[in-house]
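Each chain, written out:
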Amino acid sequence: NMKEKEVRYHPTQKPVVLMRRILRDYFQMIDYPQLVVFDPFMGSGTTAVACEKEGRKMWFGCELEPKYVEIANKRIEAERAQLKLF
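Calculation notes
Every residue gets a number counted from 1 within its own chain, in the order that chain's sequence is written. Whole-chain, interface and lining totals are the exception, using all residues; otherwise, since this is a predicted model, local features are given only for residues with pLDDT of at least 70 and side-chain atom pairs are given and counted only at 80 or more. For side-chain calculations, the full set of non-hydrogen atoms in the structure is used, while hydrogens and water are omitted. Secondary structure elements are taken from DSSP: a helix is a run of H or I of four residues or more, a strand is a run of E of two residues or more, and numbering for both begins at the N terminus. In a helix, the anticipated span is given by 1.5 Å times the number of residues less one. Per-residue accessibility, obtained with a 1.4 Å probe over protein chains only, is compared with the maximum for each type, and a residue is labelled buried under 20%, exposed over 50%, and partly exposed between these values. The arc under discussion is defined with respect to the helix axis, by the directions toward the C-beta atoms. Buried Ala, Val, Leu, Ile, Met, Phe, Trp, Tyr and Cys residues that are joined via side-chain atoms within 4.5 Å together make up what is termed a nonpolar core. Two residues qualify as a contact provided that any one of their heavy atoms is within 4.5 Å of a heavy atom in the partner residue. Salt bridge, as used here: a side-chain nitrogen of Lys or Arg that lies within 4 Å of a carboxyl oxygen of Asp or Glu.

Enquirer: Kindly report on helix α3 (residues 66–80), identifying the contributing residues and their values.
Expert: Between its first and last C-alpha, α3 extends 21 Å over 15 residues, near the 21 Å set by a 1.5 Å rise per residue. Turning to α3, its buried residues number three or more, namely Tyr68, Ala72, Arg75, Ile76 and Glu79. With its buried residues spanning 95° around the axis, α3 presents them on a single face. With respect to the buried face of α3, the exposed residues turned more than 90 degrees away are Pro66, Lys74 and Glu77.

This is the structure:
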């Protein structure tokens with residue numbers, strides 16, 4: 001969807017919208033409210049941002065490249081700073 005085109009920070013970055021949909025579909029199949037999401041190849045933090053948007057605070061991620069860790073941290077902080085109305 002070109003209207004919702006995201007800024008890309010990583011060569012294999014996925015859209016947050018796609019990751020949110022994947023997470024929602026998975027969470028519907030698994031009825032376990034304390035489920036922890038683990039992203040072993042975190043890159044720019046899309047999975048973490050999607051978890052935050054979906055209200056999932058239990059997630060972990062790993063990334064070897066320091067520049068992507070910094071980008072992911074900034075994206076996660078920006079998401080957490082958003083005002084949540086609902």
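Having seen the model, we can carry on.
Enquirer: Got a sec to walk through the nonpolar core? Specific residues and values, please.
Expert: Counting residues in each nonpolar core, the largest one holds 14 residues, and the members touching the most others are Leu23, Val37, Met42, Trp59 and Ile76. Elements that contribute at least two residues to this core include exactly α1 (16–29), α2 (46–53) and α3. When sequence neighbours within four positions are dropped, the list of residues in contact with Ile76 reads Met42, Ala48, Val49 and Trp59.

Enquirer: Explain the environment of Glu63 residue by residue, including any values.
Expert: With respect to the helices and strands, Glu63 occurs in the loop between β2 (59–61) and α3. Note on Glu63: relative accessible area 26%, which makes it partly exposed. Here the alpha-carbon distance between Glu63 and Ser44, two residues 19 residues apart in the chain, equals 8.7 Å. Apart from residues lying up to four places away in sequence, Glu63 is in contact with Phe41, Met42, Gly43, Tyr68 and Val69.

Enquirer: Tell me about the pattern of salt bridges, residues and numbers included.
Expert: This structure, assessed with the given rule, holds 6 salt bridges. The shortest N-O distance in the salt bridge between Lys57 and Glu52 comes to 2.8 Å. On the basis of relative accessible area, Lys57 is assigned to the exposed category, the value being 54%. A salt bridge links Lys53 to Glu79; its shortest N-O distance comes to 3.0 Å. Taken together, the residues span a long stretch of sequence, with Lys53 in helix α2 and Glu79 in helix α3 at a distance of 26 residues. Salt bridges here are not isolated pairs; linked through shared partners, they connect Arg20, Arg24 and Glu54.

Enquirer: Any details on the environment of Thr47? Residues and values, ideally.
Expert: Its place among the elements puts Thr47 in helix α2. Residue Thr47 is classed as buried on the basis of its relative accessible area of 12%. The sequence separation of Thr47 and Met19 amounts to 28 residues, and the corresponding C-alpha distance is 6.3 Å.

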